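The primary structure of each chain is shown beneath.
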Amino acid sequence: MDRPDDSTAPLGFLTRPLRLTLLGLWAERLWRAFWPLWSVLAATLSALAFGLQDVLPLEVAWSGLILAGLAVIGTGFAGVRAFRRPTRAEAMTRIDARLPGQPIAAMTDTQALGTDDPASLAIWQAHRARMAARAAKARAVEPDLNLSSRDPFALRYVAATALVMALIFGSLWRITSVQTLAPGAGVPVATGPTWEGWAQPPAYTGKPTLYLNELADTRLDLPRGTRLQFRLYGEVGEMTLAETVSNRTEVPPASDPAHDFIVEQAGQVTIDGPGGRTWEIGLIADLPPTVTPSDKLARESDGKLKQDFTASDDFGVVAGQVTIALDLPQVERIFGRTMEPEARDPVVLDLPMPNKGNRSAFTETLVDDLSQHPFANLPVTMTFQVSDAAGQTGTAEPLRVVLPGRGFFDPLAAALIEQRQSLLWNRANAPMVSQILKAVTWKPEGFIRNERAYLRLRVVMRDLEDSAASLTTEKRDAMAEELWQIALLVEEGDLASKLEALRRAQDRLDEAIKNGASPEEIDKLMQEMQQALNDYMQELAEEAERSPDSQMSQNMDGMQMSGDQLQQMLDELKKLMEEGRTAEAQELMEMLRQLMENMQVVQGEGGQGQGQGSPGQQAMRDLQDTLRDQQGLSDDAFRDLQDGQEGNEGQQDGQQGQNGQQQGQQGQGGDQEGQDGRSLAERQQELRDRLGQLQDGPLPGDGSEQGESGRQELDRAGRAMEQAEEALRDGDLPQALDRQAEAMEAMREGMRDLGEALAEQQRQPGDAQPGQEFGQADPRGQRDPLGREPGESARIGSDRNMLQGDDVYRRAQDLLDEIRKRSGEQMRPQGERDYLRRLLDLF
């Protein structure tokens, strides 16, 4: 029989592992029994945290809540039934199962046999000691929380993930909104009277509208003119409004639900009643604008005034004006201004404002032309004034200046302008003006070179003499306008002769030098004279080209000048003017005048009837004209392409006007009709037909290698023109420009080959026409104004002995390629590119 002994006494070291294992058993069995409950609760909380109950229909939300409640009850009941409370013995058994030989169970056993045998007892004690040593190594056993066999679809993880997402992106406070699902919970509860208020500053200040309910500060600084609006809610009379900022004479009842007024002064605005407020309203100062004109009034070469000014305002300047009045005390009372002037209203001009940007502070330039006004060239006062959006104005101190006007350098034109001003000063000056005009027009030979101006002046003199005693304002103004137009005619002229235009430009420049004109006016007149000189030289060159048998000479003992020497004279003249050496400048002007006066074109002997040259030469000139017209057409097409991309109509008109001066009346490109009513495609067709006619006629070098090569290039040009015409009709301007460029290149190559063939023909004995060898027989007999010999192919310039050797044509081709390259560089000045194009047309 077993006898009891103290078998549990040695197990005291298992207390801690036993407790931990027991806790693990509790967790394991709770997790296994109640995991469905935890999953249902997590899914329900995540749905509520995301606010699903707020977006679902009421019926659906209630149904979901009921299902969730039933699921909680069902899973809770099932968990209670499945849960079994763990014991200490179960924890001991789990620990012992993890140890080898189950030493804990062995230590609780008792010896059944041999209890009286000392040897048997010794063995039993040794066995218990060995088991005790093994039991001392016992550790707590972790719980088994794996539910994969119970939850094969991992629904617990889905619920847990939803709960984590709700905690991160949702709000647990939204769970409380479920109370709104209760009957009657959605009905708002009245909270008593309330109010709303807005402060809307004037638009010109650029400040935003303020919502007064959101402002905690009781001090408000607002611009004058701010609109305050209030709405009072609740029972009428429970809330009232009082204010001292509007200066209203008719104040509505304080209990009105709506109040709307403008802030005109500092004061208070008070809302009395539940939730009422009081504000102290202060005014933001709106200072008047200021304007400061520049001390120096500038005058352009054409008489326009330029006046800089600076304006500023704290909220921006909206408009400005300048008033120009006659400064009578400063007027020199001589000649026609001795009597009192007729009353005239001051001139009022609008000041330019920036089109964009901030107008708080800016600088602009007033530009206007008052040359025809009676105040022109007289002392005046200019008073600048600007205004802001609030109606405040700022005025600058009057600026005392002489009002700029157009300068007239022709003595007759200046005299007419002076008498016009006397007539406008006072109509009583009419008899004096009539007498002076009679004196001016006495013996007009050599003095008045413009016959039209003289005849128109005689008509004005007759009308002035007939109506001097009873001259009306309208008649006086009409006569003043006619005198102005006559002065312009005398000053600028409408002369067809390039030589007369050159003389006129020289006279104006000489008069400007004598009168001490401004540098800007001198520079403008220098440019006009240089342009007139270029036009005159071009006329001489064209005359020589039209008449190869004519000769150009200078009746100054055969003196000759090159183009560089002539340009040096002009540069020296400009330098003398810049240095203020007017006397030397006048001497140089007189020398230049004599040089131009003695330059003339005279007809050679035996040259009658030979102006057109040989048929080959005429064909080359026709090809040059065709190439020039093709270049103009290409320019028009390119401008149309630019206008289509940029929409710059003003630039188009300016470029077409310039093109019209250079090339005659051309079409305006695109689908628009030109001045002759033809479109670009029609003009291209006309050029192609003209080229075809030239190919059907006689061309230089027929039968020769150079002649055939030239004809092939012209054929290629014709095909390119046809393709360009088709592109123009289809509206494909880029393609048309490419084909036109190809056509012009082919024409230049063809003309080069034909020119070489023509030169070869003329070098052969017996081929020269009568009168064509005049320049060769007498090298000094045919000279252009710059001392150059006319070429053998009816072109100005010498094409003899320019290069020696067999490399002549290669060098000529290199030069031609370089000219083409430079003519296409858009960075070069327009004048230089036009000159290079003319060279390409010639060669």
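Just so we're clear, the structure is a prediction, and the values are computed from it rather than from any experiment.

**Describing the sheet that holds strand β2 (residues 210–211)**
Stage number 1. Strand order in the open sheet formed by four strands is β2-β1-β4-β6, and the pairing between neighbours is antiparallel. What marks the edges here is a single partner per strand, and that holds for β2 and β6 (258–262).

**Points about the pattern of salt bridges**
Two side chains bearing opposite charge may form a pair once their charged atoms approach each other closely.
Stage number 1. Summed over the entire model, instances satisfying the criterion amount to 26 salt bridges.
Stage number 2. With a closest N to O distance of 2.8 Å, E243 and R248 form a salt bridge.
Stage number 3. Residue class for E243 comes out buried when judged on its relative accessible area of 17%.
Stage number 4. One salt bridge in this structure joins R476 and E342, with 3.3 Å as the shortest N-O distance.

**Here's the deal with the packing of helix α10 (residues 451–467) against helix α11 (residues 473–492)**
Packed helices, taken two at a time, are described by the angle between their axes plus the distance between the axes.
Stage number 1. Look at α10 against α11: their axes get within 10 Å of each other, and the N-to-C directions meet at 160 degrees. As judged from the angle between their axes, α10 and α11 are roughly antiparallel. Between α10 and α11 the crossing geometry is left-handed. Taking contact as the criterion, the partners of R452, A453, R456, L457, V460, D463, L464 and S467 in α10 are, on α11, K475, M479, E482, L483, Q485, I486, L489 and V490.
Stage number 2. For the contact of α10 with α11, the residue count by class is nine nonpolar, two polar and five charged.

**Observations regarding helix α8 (residues 411–425)**
Residues separated by three or four positions in an α-helix point in the same direction, a consequence of the helix having 3.6 residues per turn.
Stage number 1. With 15 residues, α8 should cover 21 Å at 1.5 Å per step; its first-to-last C-alpha distance of 21 Å lies within 8% of that length.
Stage number 2. With eleven of 15 residues buried, α8 lies mostly within the body of the structure.
Stage number 3. Within the sequence span of α8, burial applies to L412, A413, L416, I417, Q419, R420, Q421, S422, L423, L424 and W425.
Stage number 4. Looking at the buried residues of α8, the elements they touch are β12 (317–326), α9 (430–440), α10 and α11.
Stage number 5. Sitting at the head of α8, D410 places a side-chain oxygen 3.0 Å from the backbone nitrogen of L412.

**As for the packing of helix α1 (residues 15–49) against helix α7 (residues 155–169)**
Stage number 1. Two elements in contact, α1 and α7, have axes separated by 8 Å at closest approach and are oriented at 35 degrees. For the pair α1 and α7, the sense of crossing is left-handed. Residues W31, W35, S39, A42, A43, L45, S46 and A49 of α1 form the contact with α7, whose own contacting residues are L155, R156, A159, A162, L163 and A166.
Stage number 2. Partitioned by chemical class, the residues of the contact of α1 with α7 number eleven nonpolar, two polar and one charged.

**Concerning the packing of aromatic side chains**
Stage number 1. Applying the stated rule across the entire model yields eleven aromatic pairs.
Stage number 2. Geometry around Y157 places R156 over its ring, the cationic atom sitting 4.4 Å from the centre.
Stage number 3. The ring of F408 is capped by R406, whose NZ or CZ atom sits 5.5 Å from the centre of that ring.

**Some details on the sheet that holds strand β7 (residues 267–272)**
Strand pairs in the sheet, formed through backbone hydrogen bonds, run parallel or antiparallel to each other.
Stage number 1. Spatially, the four strands line up as an open sheet ordered β3-β8-β7-β5, and their pairing is mixed. For this open sheet the edge positions go to β3 (219–223) and β5 (240–243), each flanked by a neighbour on one side alone. Neighbour-to-neighbour, the strand axes of the sheet open up by a mean angle of 25 degrees, direction not taken into account.
Stage number 2. Inspection of the sheet shows β5 paired to β7 by four bridges, in the antiparallel sense. Residue pairing across strands places A242 opposite T270, the latter belonging to β7.

**Section: the environment of T44**
Stage number 1. Of note, T44 is situated in helix α1.
Stage number 2. Residue T44 is classed as partly exposed on the basis of its relative accessible area of 22%.
Stage number 3. Residues T44 and A68, spaced 24 residues apart in sequence, show a C-alpha to C-alpha distance of 6.7 Å.

**With respect to the nonpolar core**
Stage number 1. Core analysis: the largest hydrophobic core is formed by 26 residues, its most contacted members being F408, L416, L423, L437, L457, L464 and I486.
Stage number 2. Looking at which element gives the most residues to this core, the answer is α11, with eight residues.
Stage number 3. Non-local contacts of I486, meaning those with residues more than four positions away in its chain, are made with L416, A453, R456, L457 and V460.
Stage number 4. Of all hydrophobic cores here, the second largest spans 25 residues; its members include M526, M529, Y536 and L570.

Thresholds, definitions, all that
- Residues numbered from 1 in each chain as written.
- Predicted model: local features only at pLDDT ≥ 70, side-chain atom pairs only at ≥ 80, totals over all residues.
- Heavy atoms only, no water.
- Pairing = 2+ DSSP bridges.
- Helix = DSSP H or I, 4+ residues; strand = E, 2+ residues; numbered from the N terminus.
- Salt bridge = Lys/Arg side-chain N within 4 Å of Asp/Glu carboxyl O.
- Buried < 20%, exposed > 50% of the residue type's maximum accessible area, 1.4 Å probe, protein only.
- Axes fitted to C-alpha atoms, helices over the stretch in contact; angles between N-to-C directions.
- Parallel < 35°, antiparallel > 145°, perpendicular 65-115°, else oblique.
- Left-handed = near helix turned anticlockwise from the far one by under 90°.
- Contact = heavy atoms within 4.5 Å.
- Nonpolar A, V, L, I, M, F, W, Y, C, P; charged D, E, K, R; others polar.
- Expected span 1.5 Å × (residues − 1).
- Polar contact = N/O pair within 3.5 Å; in protein donor to acceptor, adjacent residues only side chain to side chain.
- Phe/Tyr/Trp six-rings, centres within 6.5 Å; stacked < 30°, edge-to-face > 60°.
- Lys NZ or Arg CZ within 6 Å of the ring centre and 35° of its normal.
- Core = buried A, V, L, I, M, F, W, Y, C linked by side-chain atoms within 4.5 Å.

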